[in-house]
Amino acid sequence: MFENYFKTGFRNVSKHKVFSFINIMGLTVGMTACFLIFLYVSFELSYDSFNSKADRIYRVVADIKTPTEVINADRPAWAVAANAKNEFPEIESFVRIAHDDVLVRKGDIKFQEENAAWADSSLFHVFDFKLLKGNPQTCLTDQFSVVFSETAAKKYFGNEDPIGQTLLITSGALDGDNAQPAKVTGIMKDIPENSDIKADMFLSMSTINQRSRLDSNWGGYWPEAFLLLKPGSDASALQAKFPAFLERRDGTEMKQSQMYPTLFLERLRDVYLRSTRSGSKTGNINNVYIFSIIAVFILLIACINFINLTTARSAERAKEVGIKKVVGAERSQLMRQFIGESVMLSLIAFVLTIGLSALLLPLFNQLAGKTISTGIFSNLEYLLILLLAAVAIGLIAGIYPALVLSSFKPVVVLKGRFATGTRGIILRKALVIAQFSISIALIIGTIVVYNQMNYMRSQDLGFKKDQMMVIDTNGDPAKKAFQEAISGLPGVKSTAMSSSVPGGGNMGAYSEIENIKGDLQVANLDLYYVDFDYINQYKIKVVAGRAFSRDFATDTTQAMILNEAAVKMFGYTSPQQAIGKRFKQWGREGKIIGVVKDFHFRSLQEQIKPLSMRIEPNGNNLVSVNLSTTNLPKTIAAIENAWKRLIPNRPFSYYFLDEFFDRQYRAEERFGKLFLNFAVLAIFISCLGLLGLASYSTMQRTKEIGIRKVMGASVSNVVKLLSKDFLKLVLISFFIAAPVGWFVMNKWLQDFAYRTPISWWIFAAAVVLTLAITCLAVGIQTIKAAIANPVRSLRTE
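Note that the structure is a prediction, hence the values are computed from the model and not measured.

Rules of the game
- Residues numbered from 1 in each chain as written.
- Predicted model: local features only at pLDDT ≥ 70, side-chain atom pairs only at ≥ 80, totals over all residues.
- Heavy atoms only, no water.
- Helix = DSSP H or I, 4+ residues; strand = E, 2+ residues; numbered from the N terminus.
- Buried < 20%, exposed > 50% of the residue type's maximum accessible area, 1.4 Å probe, protein only.
- Contact = heavy atoms within 4.5 Å.
- Areas by Shrake-Rupley, 256 points an atom, 1.4 Å probe, with all protein chains shown as cover.
- Salt bridge = Lys/Arg side-chain N within 4 Å of Asp/Glu carboxyl O.
- Phe/Tyr/Trp six-rings, centres within 6.5 Å; stacked < 30°, edge-to-face > 60°.
- Lys NZ or Arg CZ within 6 Å of the ring centre and 35° of its normal.
- Pairing = 2+ DSSP bridges.
- Expected span 1.5 Å × (residues − 1).
- Arc of directions from axis to C-beta.
- Patch = residues over 30% accessible without salt bridge, like charges linked within 9 Å, V, L, I, M, F, W, Y side chains within 5 Å.

**Looking at the overall build of the chain**
Here comes step 1: Tallying secondary structure elements over the chain gives 26 helices and 22 strands in all.
Here comes step 2: Looking at the chain as a whole, 52% of its 797 residues are labelled buried.
Here comes step 3: Taking contacts inside the chain between residues at least 6 apart in sequence as the whole, the part at least 24 apart equals 80%.
Here comes step 4: Summing over all exposed atoms, the chain offers an accessible surface of approximately 35,800 Å²; the carbon and sulfur share of this is 57%.

The structure is reproduced here in structure tokens:
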């Protein structure tokens, strides 16, 4: 019996090649898009799940209340984790991880390891980072111990055994520029990509802890802190004990500094997707939701297509059903046959989906900016899920056509008086409205995403970023000599030194500024150390007072410049009011000499924060070079020669500020590209559905078209007649999709502090584009029907 079903199915596929191709292609494209989205969503949700103790690991974060603001920090003070472990028996272990930029040298090999971190010796007990060589319990115990990843170890040692070998490390956390010998005590497997903690080398935290007594430091906020709770411990109950713990340990210092931290615990599995802490480079749970919805929509569209395309051929198969019923076929047998054909098409689409997914996976990984999957067969359970999904799609999508086709009465269909009922027509139109609604909502979303990305790229940032090369000297003693050496080079317009550049990290400084009432008000201000040329070189506008000047000797020790946001924080209604006011910051005292216009020194996703700027030569490690576009390679080569001559022990590296600043938006740009690609796929599949309904509609009205043409109707009149129903469906769909699209994209835009409005023209463009797509998709069938010979049309009776 089943063999007969499959033979009949293959016969129908081969007999109606175009129809079968469109149907299978729609299912294949839909299943492929859905499968790739499934891989992406699964990967995003899998972050840190490889840790066997993930459900017991919590990150300690802090809300730090000052007299002017609450700072949402992604880390506590140095001393919190160690002291909490000693005080609370429910804590099994803790580990602090402090990321650093470390110079590593081995003979002539030297690298500035930007992906390095200091870590406590309990690192390999808390996290499941696989150690290939070394003892996980002791490899980070001794001072100057180093554990490399496999990839990093090969850079320095090739095929040699690194264990026990020594190399030189230089870090600001140690003795400035003095290189210190460090011993390799372990080699670990490269940390999985779905880990929120990433490092190519770990250095023992005891190296800096024993020197600086960090376990008693309640004012520094450098390392992230993770607690491993004992099985059965209640994280909420532990968190409730923290206020009293801080009061006992840090009460006096909190009162003196007027900075009051409140500690919270974040589940490790929530850090990547759900943390909103400043400084955390997290994923976006809203993007996961959006892509999941798109996957459901695409799958729904594919199923709708199948139903429409199958029922559009119901008239062609009516006589087949009638004859089978006459010879004794029961309705249940016919239903099994048609559902079997549906499942067969789904299984064919499943096989094609595997091939297409394997072909597209490298491109998809590139679009996502990460290795979502190394190969289509790397997760066999995912393929099993896809197979089950294909069977389910075949069953679900085939039920309605099977019910319709098996319900035909043999007497009626064999006499040629077959016609579908009103309920079938309403259902098909409802399904197409659903398709249109999804398509219009996706078009609205695509335009909004593109608009926001374009807005961010074209926004006036308040500073010059073009042709600006940035070189990090990492505090080398020859940094000033290097700046002076390159300042006179042809092609170098100007140079400046600073501690930070827009788009990079910066310090936060405990500050006291005279407010509008004349009192010194405590605040934590973002801080830039700069030189005399920085403001002018970056074209930052001074709106009150003056910029730093070599004509004033006190500018190096007693002067500060604020931005407009800082001025407002202290109650001044105009920048001019802040000029001459007192400040205290990190042991320096003086007066405010100028106010600069707010500029975006961080991402456009964040509000511009209060910023202070001071002259501090020792803290200026970045050299900004304003370059001429003439003979750029020659200029860069000359700069590199100067570096090798003056700073030979460090590798020469640089970046251009415009590219560096734009890196902040890579995640959003990737989201936009993925959104656009999947939206186009969904719209493409919807077009196949329109072909199905147009085919069905023209088939049902063949005789009517013939009569109208005999009565003198023109081709254009017939096309208008057949198209107007689809235009009505578009308008109905628009009124459904518009509010949904606005709501979802408005929520997405909330992640951006500076965002473009969702204007009326976006909705107009969406409906116009949908109408154009509809006319194109439907026009093929309607024009074909309109130009047909009316004599042949009338013979269909």
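**So, the pattern of salt bridges**
Here comes step 1: All chains considered together, the criterion is met by 26 salt bridges.
Here comes step 2: For Glu-113, the salt bridge is made with Lys-155, and the minimal N-O distance between the two is 2.7 Å. Of this pair, Glu-113 sits in strand β4 (residues 109-119) while Lys-155 is found in helix α5 (residues 150-157), placing the two residues 42 residues apart along the sequence.
Here comes step 3: Judged by relative accessible area, Glu-113 falls into the buried class, the value being 4%.
Here comes step 4: Using a relative accessible area of 33% as the deciding quantity, one classes Lys-155 as partly exposed.
Here comes step 5: Ionic pairing is found between Arg-602 and Asp-526, a salt bridge with its closest N-O pair at 2.4 Å. Placement of the pair is Arg-602 in the loop between β19 (588-596) and β20 (611-615) and Asp-526 in strand β15 (residues 520-530), with a sequence separation of 76 residues.

**A short note on the environment of Ile-399**
Here comes step 1: Looking at the element boundaries, Ile-399 is found in helix α13 (residues 380-406).
Here comes step 2: Residue Ile-399 is classed as partly exposed on the basis of its relative accessible area of 40%.
Here comes step 3: C-alpha separation for the pair Ile-399 and Ile-339, spaced 60 residues apart in sequence, amounts to 6.3 Å.

**Some thoughts on the packing of aromatic side chains**
Here comes step 1: Counted according to the given criterion, the structure contains 37 aromatic pairs.
Here comes step 2: For the pair Phe-43 and Tyr-47, a centre-to-centre distance of 5.7 Å together with 80 degrees between the ring planes defines the contact as edge-to-face.
Here comes step 3: The class of Phe-43 is buried, set by a relative accessible area of 10%.
Here comes step 4: The exposure class of Tyr-47 is buried, given its relative accessible area of 4%.
Here comes step 5: Ring geometry for Tyr-528 against Phe-599: centres 6.5 Å apart, planes inclined by 65 degrees, an arrangement best described as edge-to-face. Of this pair, Tyr-528 sits in strand β15 while Phe-599 sits in the loop between β19 and β20, and the two are 71 residues apart along the sequence.
Here comes step 6: Given a relative accessible area of 1%, Phe-599 falls into the buried group.
Here comes step 7: Among the aromatic residues, those joined into a cluster by ring pairs are Tyr-40, Phe-291, Phe-364, Phe-671, Phe-675, Phe-678, Trp-748 and Phe-752.
Here comes step 8: Above the ring of Phe-111, the side-chain terminus of Lys-155 is found at 4.3 Å from the ring centroid.
Here comes step 9: For Arg-546, the ring lying beneath its charged end belongs to Phe-552, and the centroid distance is 3.7 Å.

**Focus: the pairing of strand β8 (residues 180-188)**
Here comes step 1: The buried fraction of β8 is high, at seven of nine residues.
Here comes step 2: Note that strand β6 (residues 145-149) and β8 share five bridges and pair parallel. Bridge pairing links Phe-148 to Ile-187 in β8.
Here comes step 3: Where strand β7 (residues 166-170) meets β8, four bridges bridge the pair, whose relative direction is antiparallel. By the bridge assignment, Thr-166 is partnered in β8 with Lys-183.

**Some remarks on helix α20 (residues 632-646)**
Because the α-helix completes a turn every 3.6 residues, residues three or four places apart line up on one side.
Here comes step 1: Its 15 residues give α20 an end-to-end C-alpha distance of 21 Å, which sits within 8% of 21 Å, the value for a rise of 1.5 Å per residue.
Here comes step 2: For α20, the set of buried residues is Thr-635, Ile-636, Ile-639, Ala-642 and Trp-643. Taken down its axis, α20 places every buried residue within 120 degrees of arc, on the same side. More than 90 degrees from the buried face of α20, the exposed residues found are Pro-633, Lys-634 and Arg-645.

**Brief notes about a nonpolar patch on the surface**
Here comes step 1: Taken together, the side chains of Val-740, Trp-742, Phe-743 and Val-744 make up a nonpolar region of the molecular surface, amounting to roughly 370 Å² of accessible area.
Here comes step 2: On the basis of relative accessibility, which here comes to 40%, the residue Trp-742 falls in the partly exposed class.

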